[in-house]
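# Inside the fold
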Amino acid sequence: MTRDQGGEQILLVDDNPTNLQVLFKTLEGSGYRLLAARDGEAALYTAKRAKPSLILLDVMMPGMDGFEVCERLKADPDTADIVVIFLSALTDSQSKVHGLAIGGVDYIAKPFQADEVLARVRTHIKLQRLERALARRNTELEDENQRILNAVEEGIFGLDAEGRVSSMNARAAELTGWPQADALGEPLLGLDLFPGDDGLNQSLSLLCEAGVSLRKNHAEMTRRDGKPLQVALSGSARSEGGAVLVLRDISEWLANQRALEQARNEMDQQRQHLAHIERLSTGGEMAAGIAHEVNQPLTAVTNYARVAHRLLADLPEEKRAKLDDVLNKIGVQAERASAVIQRMRSYVKKPSGAKSVINLNVLLKEVLALAEVDSKVNRTRVVLQAAGDLSSIYGDEVQIQQVALNLIRNAMESTAAAGSHRPVEVSTFPAGGHVCFRVRDFGLGLAREVEEQLFSPFVTSKEGGMGIGLSVSQSIMQGHGGDIRYEANPDGGAVFICEFPPCVADV
Ligand code: ADP
């Protein structure tokens with residue numbers, strides 16, 4: 001056994017030493033490493049051990065003939081890939097056909113031409129090399145393909161021409177809850193991913209049967225475990241037959257869309273509220289202007305009444321007494337109107353932000369006077385029970401007035417709406433080291449949905465209400481280091497309690 005330099009090994013099998021020698025001479029120097037065997041058994045043994053690329057195999061040998069050797073080589077996975085070329089004096093076509101049928105790739109008639117043998121060997125070795133490279137590349141590409149398919153976000157199903165699942169990536173199994181082992185080979189429609197969606201199932205049948213493309217931006221898929229999943233899907237025919245179906249989980253996208261929509265709606269609402277506030281604020285400024293303008297004629301009326309009074313001196317006694325009385329009344333009413341407007345002006349003007357020591361009893365008396373007009377409109381009285389020995393508090397007078405006025409107005413409105421005749425009770429008292437005031441009414445009480453979000457802005461049960469009074473009151477109270485809280489009135493109605501820390505100088 002002689003070996004040439006080179007990669008590939010070729011096994012020469014012939015029972016006739018002269019033939020073996022001739023073959024050897026033919027291939028010597030061709031770059032192949034040569035092995036030799038003189039019978040079938042030796043050929044099988046060497047083939048299994050050395051795994052040559054090619055065997056030149058004599059057919060007619062004593063004992064095991066070349067055909068049987070070939071069959072046994074092909075039956076053994078270790079040697080099945082070895083290329084077999086028969087060499088034989090049997091040139092009838094039956095032998096040739098048989099040789100090729102049992103796995104030989106070629107059949108060379110004896111006596112052979114050296115060039116022909118060399119050329120055929122070279123061709124088959126080359127073919128085999130190419131085949132192996134191709135198979136390797138194929139495997140690499142398949143691996144690569146699988147890696148890509150497993151890395152993508154989408155679930156991908158490959159379908160055969162009958163609409164059965166022929167391949168799927170890991171994501172497809174994850175999204176549908178169908179493991180590959182159970183889904184492969186099943187008809188796609190058999191997975192029943194969209195039960196009840198007849199339109200979509202029809203599109204899927206068309207995709208499976210006729211390769212008709214489909215695209216749906218949103219569908220509810222039912223996973224194998226029965227859980228719903230929101231998906232987008234697209235399907236198209238494959239050029240090599242069958243189709244591909246791609247699924248994408250859009251739950252997160254949908255949730256984002258919903259959140260966006262909600263944020264947009266909220267923004268719209270806020271915008272409307274702001275516009276409303278803007279209008280009210282303009283109204284407030286106008287009211288201040290009106291107050292100023294009306295105040296002047298009122299002062300004039302008061303002055304004229306005084307002048308008329310003086311002129312009365314010339315009249316007879318009886319008439320003078322009557323007119324005197326009337327003019328007095330004019331003066332009193334004008335002064336009252338002027339006082340109401342004066343209070344309104346000082347309330348509407350923006351809070352200065354300046355803090356001072358405040359007597360809550362005095363402040364609330366002022367607020368009650370301010371609420372007089374509303375009290376008449378609502379036909380509801382407001383009574384004040386002021387605690388005698390109340391500590392002072394320190395804060396922004398106008399802001400605290402705003403809190404009290406808002407609570408009192410709410411209480412009056414609720415009392416009037418309930419048709420109650422009991423007055424709104426405002427009282428001051430000390431409690432737990434705090435200086436407190438309470439506004440209690442016997443009105444409607446709080447609606448449940450309002451109570452749940454009380455003090456949140458824009459919560460209102462009133463037709464024209466803005467629902468910012470309580471929320472602003474709360475921030476004012478907190479800004480003063482105090483708090484505001486609600487309690488239901490056991491006798492029906494609402495109770496709001498505001499507590500302040502006492503003024504430091506008083507503690
Ligand atoms: P608005 O008065 O503009 O609605 P508020 O913030 O002052 O705004 O009040 C919010 C809501 O709280 C009211 O719409 C009302 O439903 C409820 N509310 C406030 N005070 C009372 C009260 N004394 N009795 C019943 N409901 C009240």
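For the structure itself, look to the data block above.
In short, a report on the structure. Everything numeric in this text was worked out from a predicted model, so none of it was measured.

Our next topic: the overall build of the protein. When helices and strands are counted, the protein shows 15 helices and 17 strands. Its C-alpha atoms give the protein principal-axis dimensions of about 170 × 55 × 45 Å. Here the protein holds 507 residues, and the buried ones make up 37% of them. Pairs at least 24 apart in sequence give 60% of the contacts found in the protein among residues at least 6 apart. Each charge sign in the protein was given a centre, from 55 positive and 69 negative side chains, and these centres are 6 Å apart.

Whether parallel or antiparallel, the strands of a sheet pair through hydrogen bonds between backbone atoms. An order of 7-6-10-9-8 is seen for the 5 strands of this open sheet, with the pairing classed as antiparallel. The open sheet has two free edges, formed respectively by strand 7 (165-168) and strand 8 (214-222), since each of these has just one partner strand. Each strand axis lies, on average, 25 degrees off the axis of its neighbour in the sheet, ignoring direction. Each of strand 6 (155-159), strand 8, strand 9 (228-237) and strand 10 (243-249) is contacted by helix 8 (residues 198-210), which is oriented at about 120 degrees to strand 8, the strand it contacts most.

Right, let's talk about the packing of helix 1 (residues 17-27) against helix 5 (residues 114-151) for a bit. Two elements in contact, helix 1 and helix 5, have axes separated by 9 Å at closest approach and are oriented at 65 degrees. Along this stretch, helix 1 crosses helix 5, giving a crossing that reads as right-handed. Two secondary-structure elements touch here, helix 1 through Leu23, Thr26 and Leu27 and helix 5 through Ala114, Val117, Leu118 and Val121. A breakdown of the residues in the contact of helix 1 with helix 5 according to their chemical character gives 6 nonpolar, 1 polar and no charged.

Next up on the list: the site of the ligand. Around the ligand, the surrounding shell holds 20 residues, and the nearest of these are Thr460, Ser461, Lys462, Gly467 and Leu470. Between the ligand and Gly469 there is a distance of 3.2 Å, counted from an oxygen atom to a backbone nitrogen or oxygen. In this structure, an oxygen atom belonging to the ligand sits 2.7 Å away from a main-chain N or O atom of Leu470. Expressed as a share of its isolated accessible area of 530 Å², the protein-covered part of the ligand is 91%. Of all the elements, helix 13 (residues 397-418) adds the most residues to the shell around the ligand, at 4 residues.

Mapping Asp14 onto the fold places it in the loop between strand 1 (9-13) and helix 1. For Asp14, a relative accessible area of 1% gives the class buried. A polar atom in the side chain of Asp14 sits 3.0 Å from the backbone nitrogen of Asn16. A distance of 2.9 Å separates a polar atom in the side chain of Asp14 from a polar atom in the side chain of Lys110. Those residues in contact with Asp14 that sit more than four places away from it in its chain are Asn19, Leu20, Ala37, Arg38, Asp58, Met61 and Lys110.

Quick look at the sheet that holds strand 1 now. On the basis of which strands lie adjacent, the open sheet formed by 5 strands has the order 2-1-3-4-5 and parallel pairing. Each edge of the open sheet is held by one strand with a lone partner, namely strand 2 (33-37) and strand 5 (106-109). Ignoring which end each strand starts from, the neighbouring axes of this sheet average 20 degrees apart. Both strand 1 and strand 2 contribute to a ladder of 5 bridges, which runs parallel. Bridge pairing in strand 2 links Ile10 to Leu34. Helix 1 contacts strand 1, strand 2, strand 3 (54-58) and strand 4 (83-88) of the sheet and is inclined by roughly 155 degrees relative to strand 1.

A few words now on helix 13. When the terminal C-alpha atoms of helix 13 are compared, their 32 Å separation across 22 residues agrees well with the 32 Å that a helix rising 1.5 Å per residue should span. Near the N-terminus of helix 13, the side chain that reaches the backbone nitrogen of Val398, with its oxygen 3.1 Å away, is that of Asp396. Positive backbone phi, at 70 degrees, marks Gly419, one or two positions downstream of helix 13.

Another point: the pattern of salt bridges. Enumeration according to the criterion identifies 27 salt bridges in this entry. Between Glu240 and Arg238 there is a salt bridge whose closest N-O contact spans 3.9 Å. Under the relative-accessibility criterion, Glu240 is labelled exposed at 61%. Accessibility expressed as a relative area gives 27% for Arg238, which makes it partly exposed. Taken together, the shared-partner salt bridges connect Asp14, Asp58 and Lys110 into one network.

Two strands pair when backbone bridges link them, and strand 6 and strand 10 are joined in this way by 5 bridges, in the antiparallel orientation. Counterpart to Gly155 in the pairing with strand 10 is Leu247. Alignment of strand 9 against strand 10, held across 7 bridges, turns out to be antiparallel. Note on strand 10: the bridge partner recorded for Leu233 is Leu247. In textbook terms, the turn of a hairpin is the stretch between consecutive antiparallel strands, and for strand 9 and strand 10 this stretch comprises 5 residues, one of which, Gly241, has a positive phi near 100 degrees.

The next point concerns the packing of aromatic side chains. Summed over all chains, the structure comprises 4 aromatic pairs. Here Phe437 and Phe500 contribute two aromatic rings whose centre-to-centre distance is 6.4 Å and whose plane-to-plane angle is 20 degrees, an arrangement assigned as stacked. Taken together, the positions of Phe437 in strand 15 (residues 434-440) and Phe500 in strand 17 (residues 494-500) put the pair 63 residues apart, joining distant regions of the chain. As far as the burial class goes, Phe437 and Phe500 line up, both buried. Seen from their ring centres, Tyr486 and Phe496 are 5.4 Å apart, and the 50 degrees between their planes marks the pair as tilted. Separated by 10 residues along the polypeptide, Tyr486 in strand 16 (residues 483-488) and Phe496 in strand 17 bring together distant segments of the chain. Ring pairing ties together the aromatic residues Phe67, Phe86 and Tyr107, which thus form one cluster.

Cut-offs and rules
Chains are numbered independently. Their residues run from 1 in the order of the written sequence. The predicted nature of this model means local features are confined to residues of pLDDT at least 70 and side-chain atom pairs, given and counted, to a pLDDT of 80 or more, with totals for whole chains, interfaces and linings taken over all residues. The basis for every side-chain value is the complete set of non-hydrogen atoms in the structure, without hydrogens or water. Counting from the N terminus, the helices are the DSSP runs of H or I reaching at least four residues and the strands are the DSSP runs of E reaching at least two. Only protein chains enter the accessibility calculation, which uses a 1.4 Å probe. A residue is then buried if its area is under 20% of the maximum for its type, exposed if over 50%, and partly exposed in between. Residue contacts follow a heavy-atom distance rule, with two residues in contact if any of their heavy atoms lie within 4.5 Å. For the purpose of counting charges, residues Lys and Arg are taken to be positive, whereas Asp and Glu are taken to be negative. His and the chain ends are not included. For the purpose of locating charges, the reference atoms are NZ of Lys, CZ of Arg, CG of Asp and CD of Glu. Only when DSSP finds a minimum of two bridges between them are two strands counted as paired. Between the N-to-C directions of two axes lies an angle of 0 to 180 degrees, each axis being a line fitted to C-alpha atoms and, for a helix, fitted only over the stretch in contact. What makes a crossing left-handed is the near helix being turned counterclockwise from the far one by less than a right angle; a clockwise turn instead makes it right-handed. By the convention adopted, Pro, Cys, Tyr, Trp, Phe, Met, Ile, Leu, Val and Ala count as nonpolar, Lys, Arg, Asp and Glu as charged, and the other residues, Gly among them, as polar. Summary of the distance rule: residues count as near a molecule or strand when at least one heavy atom falls within 4 Å of that molecule or strand. Here a polar contact is taken to be a pair of N or O atoms separated by no more than 3.5 Å, where protein atoms must pair a possible hydrogen donor with a possible acceptor and residues adjacent in sequence count only if both atoms sit in side chains. For accessible areas, the Shrake-Rupley method is used with a probe of radius 1.4 Å. Any residue's cover is judged against the shown protein chains and nothing else. The span you would expect from a helix comes to 1.5 Å times its residue count less one. Salt bridge, as used here: a side-chain nitrogen of Lys or Arg that lies within 4 Å of a carboxyl oxygen of Asp or Glu. Each aromatic pair joins two rings of Phe, Tyr and Trp (for Trp, the six-membered one) with centres within 6.5 Å, and gets the label stacked for planes under 30 degrees apart, edge-to-face for over 60, and tilted for any other angle.

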